[in-house]
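Now for the letters of each chain:
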Amino acid sequence: MCGIVGYVGGQQAAPILLEGLTKLEHRGYDSAGVAVLGGSGVKVAKQAGRVRDLTDGLPKRFGGKVGIGHTRWATHGPANDVNAHPHTDAAGKVAVVHNGIIDNAAILRERLADRGVELLSDTDTEVLAHLVAASTADTLEGKVTDALAAIHGTYGIAVMHADFPDRLVVARNGSPLIIGVGDKEMYVASDLAALVRHTTTVAHLEDGELATVTSTGFTTYREDPGVPVDSGAKRGNSWGGMTSTGKEETTLDIDPADYDAGEHASYMRKEILEQPDAAERVLRGRLDERFGTAHLGGLNMDARDTRAIRRVKVLGCGSAYYVGQMGAALVEELARIPADAEAASEFRYRNPIIEPDTLYVAVSQSGETIDTLLAVQEIRRKGGRVIGLVNVVGSAIARECDGGIYLHAGPEVAVASTKALTNMFVGFALLALQLGRVRDLSIADGKRLISGLLALPGQIAEILEREDELADVAVQLAEADSLFFVGRVRGFPVAREGAQKFKEISYRHAEAYQTSELKHGPLALISPEVPTVAVVPEDELTDRNVGALHEIAARRGPLVVVTHKGVDLGDVEATRIDVPRNERELDPILLTLPLQLLAYHAARHLGHDIDKPRNLAKSVTVE
Ligand code: F6R
């Protein structure tokens, strides 16, 4: 992984590819490269470091109207010039970029070496270039299909070949690939961000699909499973053995400005500030105030189906998992259905029991996270019903689910997720409301929740207005090497999300704990050097939480307390952050908001590249 761009048309490809790669930078990468196909064949420029360095170092004569580009996030071999993509065959006729992981790369490398092929890089991708070159098929489509038949693993690939100078062949299996339709020119990318300045008319490849892209259009197809492909047999017609999938283009309602940080110092700050509007969007048209319920047509479930659910299991990764824990609590509280959340990355490895009356909920901003996608596929294989809470329309997880709730947060570019997570929480509240109202949640309680939901956008804005005050607190926290984030019950996933955001962009060790568990071990670490950020809402546990604050203060641990106005912290010395009160079930998201700004300003104070945290990628499409 990480980012792919491609171009076929009437313009010089290199500037378009480089600009596209810049738009993918936020996803995280360590090296970049481009290849173009011109009169003198395939030319490649690639190096470790930034796209800017690649652009500066590009040879003067780098012409060609067909090209592919890539930002790499090292998986096989270190980040260096040789391992950067594109990779070529020995004759320099084939160039390949690849996202994903080829599981049998080691065996294939050995086989190629036995045949006398010299492999230059440590990567799994390079084998693809040699396999394409070695195929005896007489079309590029046939050669790519032969190569893919030999590999096991995941991929999004774009391939060009000097003998077929009018086209790119692309394929997808587990790693996203989108084709962008222009006017006598066509684009390819792993992420819409690289396309939107050129076109919003796109087609998404499905897993198992290939496409041929020329300047005048594209054709998608699947390898016909009935036709052997690994025999190297010559194909009679151009794409013998393949079935056209006749994919339709869709024009997306996207504002290219959403992919621009504008006057903001970073995408993360822009996206934090967009939350009031984003929260309003996810609610739009989904509240039934008369009956005190939610209206979620996309679930594809009628009242009887909904009523039959006996358990809810939420699956997501990272922050989506933590919001999933908040969501499971909402479902239990409002619908009184047993609910829990689990890391999707672990789920399928314990051979999970899939029950027909359980509703599985996959949560994902990108809709492409491979662990979540594979968990969904495991459930569906075993006959379970899965709905998705997904931000990216038409993404792999969205397509795989039986129904779902689109989050309408708008494009989220920064690696650290903020507005999508807020909308996930609101999405869960809507789901819990609908599940609750076909059970025992009264109409009065339904209406109470609806008032709370309608108040959220304004209350979020209120918290964001206090950015300067939060920035001061963040600067103090940034001085510590190690911090605790603590909370109880509803507050614990808030603490987990707070620690997650803090560690991923400030690189400080931030550990989340249940406040109740402190005295069972971690209290040993509390000292004047180790601050604690404590989540203390006004609820049935406030007194117990305040008791724990005393224990921390007694060990001279500095305290920042995220709480509600009026909560009496006694004589505990603490920096206090008061958030507005909502209905207690909805409080977790308001308690989370200040923690985003603490993380953001700590990272900013430390001078980190906030939108591109080290070692992290925006969507994790490899296991
Ligand atoms: C944290 C973060 C990650 C993602 C996780 C899941 O700020 O961004 O932990 O939440 O990788 O990603 P999605 O939601 O795209 O499935």
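Refer to the preceding data block for the structure.
Definitions and limits used
- Residues numbered from 1 in each chain as written.
- Predicted model: local features only at pLDDT ≥ 70, side-chain atom pairs only at ≥ 80, totals over all residues.
- Heavy atoms only, no water.
- Salt bridge = Lys/Arg side-chain N within 4 Å of Asp/Glu carboxyl O.
- Helix = DSSP H or I, 4+ residues; strand = E, 2+ residues; numbered from the N terminus.
- Buried < 20%, exposed > 50% of the residue type's maximum accessible area, 1.4 Å probe, protein only.
- Core = buried A, V, L, I, M, F, W, Y, C linked by side-chain atoms within 4.5 Å.
- Contact = heavy atoms within 4.5 Å.
- Near = heavy atom within 4 Å.
- Polar contact = N/O pair within 3.5 Å; in protein donor to acceptor, adjacent residues only side chain to side chain.
- Areas by Shrake-Rupley, 256 points an atom, 1.4 Å probe, with all protein chains shown as cover.
- Pairing = 2+ DSSP bridges.
- Phe/Tyr/Trp six-rings, centres within 6.5 Å; stacked < 30°, edge-to-face > 60°.
- Axes fitted to C-alpha atoms, helices over the stretch in contact; angles between N-to-C directions.
- Parallel < 35°, antiparallel > 145°, perpendicular 65-115°, else oblique.
- Left-handed = near helix turned anticlockwise from the far one by under 90°.
- Nonpolar A, V, L, I, M, F, W, Y, C, P; charged D, E, K, R; others polar.

### A word on the pattern of salt bridges
Thought 1: Under the criterion given, the structure shown has 30 salt bridges.
Thought 2: Between Asp 207 and Arg 172 there is a salt bridge, and its shortest N-O distance comes to 2.7 Å. One end of the pair, Asp 207, is in the loop between strand S11 (201-204) and strand S12 (209-214); the other, Arg 172, is in strand S8 (residues 168-173), with 35 residues separating them in the sequence.
Thought 3: For Asp 207, a relative accessible area of 24% gives the class partly exposed.
Thought 4: For Arg 172, a relative accessible area of 2% puts it in the buried group.
Thought 5: Note that Asp 305 and Arg 385 form a salt bridge whose closest N and O atoms lie 4.0 Å from each other. Highlighted residues: Asp 305 in helix H8 (residues 303-307) and Arg 385 in strand S21 (residues 385-390), separated in sequence by 80 residues.
Thought 6: Residue classification places Asp 305 among the partly exposed residues on the basis of a relative accessible area of 29%.
Thought 7: When its relative accessible area of 29% is taken as the criterion, Arg 385 is described as partly exposed.

### Looking at the nonpolar core
Thought 1: One finds Val 312, Val 361, Phe 428, Leu 453 and Phe 485 to be the most contacted residues of the largest nonpolar core, which totals 119 residues.
Thought 2: If we ignore the near neighbours within four places in the chain, the residues touching Phe 428 are Val 314, Val 323, Gly 324, Gly 327, Leu 330, Val 361, Val 363 and Leu 389.
Thought 3: With 25 residues, the next largest nonpolar core counts Ala 105, Leu 108, Ile 151 and Tyr 155 among its residues.

### What to know about the site of the ligand
Thought 1: The ligand sits among 15 residues. The nearest are Ser 364, Gln 365, Ser 366, Thr 369 and Glu 504.
Thought 2: In the model, an oxygen atom of the ligand is placed 2.8 Å from a nitrogen or oxygen of the Lys 501 side chain.
Thought 3: Protein chains bury 91% of the 410 Å² of accessible surface belonging to the ligand in isolation.
Thought 4: Secondary-structure elements contributing two or more residues to the shell around the ligand are helix H9 (319-335) and helix H16 (491-506).
Thought 5: Considering every element that reaches the shell around the ligand, the biggest residue donor is H16, with three residues.

### Focus: the sheet that holds strand S2 (residues 31-38)
Thought 1: Taken in spatial order, the eight strands of this open sheet run S3-S2-S4-S1-S10-S9-S11-S15, and their pairing is antiparallel. Two strands bound the open sheet, and with one partner strand each, they are strand S3 (41-48) and strand S15 (250-251).

### Some remarks on the pairing of strand S1 (residues 2-8)
Thought 1: Counting buried positions along S1 yields seven of seven residues, so the element is predominantly enclosed.
Thought 2: Sheet topology places S1 next to strand S4 (residues 66-72); seven bridges connect them, and they run antiparallel. Looking at S4, one finds that Tyr 7 is bridged to Gly 67.
Thought 3: Two elements, S1 and strand S10 (residues 186-189), share four bridges in a ladder whose sense is antiparallel. Following the sheet pairing, Tyr 7 is matched in S10 by Tyr 187.

### Some points on the side chain of Glu 342
Thought 1: Along the polypeptide, Glu 342 turns up in strand S19 (residues 339-343).
Thought 2: With relative accessibility at 13%, the residue Glu 342 sits in the buried group.

### Quick word on the packing of aromatic side chains
Thought 1: Taken as a whole and assessed by the stated rule, the structure comprises five aromatic pairs.
Thought 2: When the ring of Phe 484 is compared with that of Tyr 513, the centres are 6.2 Å apart and the planes differ by 75°; the resulting orientation is edge-to-face. On the criterion of sequence distance, the pair formed by Phe 484 in strand S23 (residues 482-487) and Tyr 513 in strand S24 (residues 509-514) is long-range, its members being 29 residues apart.
Thought 3: Judged by its relative accessible area of 3%, Phe 484 falls in the buried class.
Thought 4: Under the relative-accessibility criterion, Tyr 513 is labelled partly exposed at 24%.

### Some points on the sheet that holds S24
Thought 1: With parallel pairing, the five strands of this open sheet are ordered in space as S24-S23-S25-S26-S27. Of all strands in the sheet, those bounded by a partner on one side alone are S24 and strand S27 (575-579). Strand-to-strand twist across the sheet, computed as the mean angle between neighbouring axes with direction ignored, equals 20°.
Thought 2: Strand direction decides the pairing type here: strand S26 (residues 559-564) and S27, joined by five bridges, are parallel. For Val 561, the partnering residue across the bridge sits in S27 and is Arg 576.
Thought 3: Helix-sheet contacts for helix H17 (residues 542-554) involve strand S25 (532-536) and S26, and the interaxial angle to S25 is about 165°.

### So, the environment of Arg 555
Thought 1: The residue Arg 555 is located in the loop between H17 and S26 in this model.
Thought 2: For Arg 555, a relative accessible area of 40% gives the class partly exposed.
Thought 3: Through-space distance from the C-alpha of Arg 555 to that of Met 326 is 31 Å; in sequence the pair is 229 residues apart.
Thought 4: Ignoring anything within four residues of it in the chain, the contact list for Arg 555 reads Leu 523, Ile 526, Ser 527 and Pro 528.
Thought 5: A polar contact is formed between the side chain of Arg 555 and the backbone oxygen of Glu 551, at a distance of 2.8 Å.

### What to know about the packing of H16 against helix H18 (residues 587-605)
Thought 1: Interaxial distance between H16 and H18 falls to 9 Å at its minimum, and their mutual angle equals 15°. Classed by the angle they form, the pair H16 and H18 counts as roughly parallel. Judged by the twist between their axes, the crossing of H16 over H18 is right-handed. Mapping the contact onto sequence places Val 494, Glu 497, Gly 498, Lys 501, Phe 502, Ile 505 and Ser 506 in H16 and Pro 588, Leu 591, Thr 592, Leu 595, Gln 596, Leu 598, Ala 599, Tyr 600, Ala 602 and Ala 603 in H18.
Thought 2: Grouping the constituent residues of the contact of H16 with H18 by class yields eleven nonpolar, four polar and two charged.

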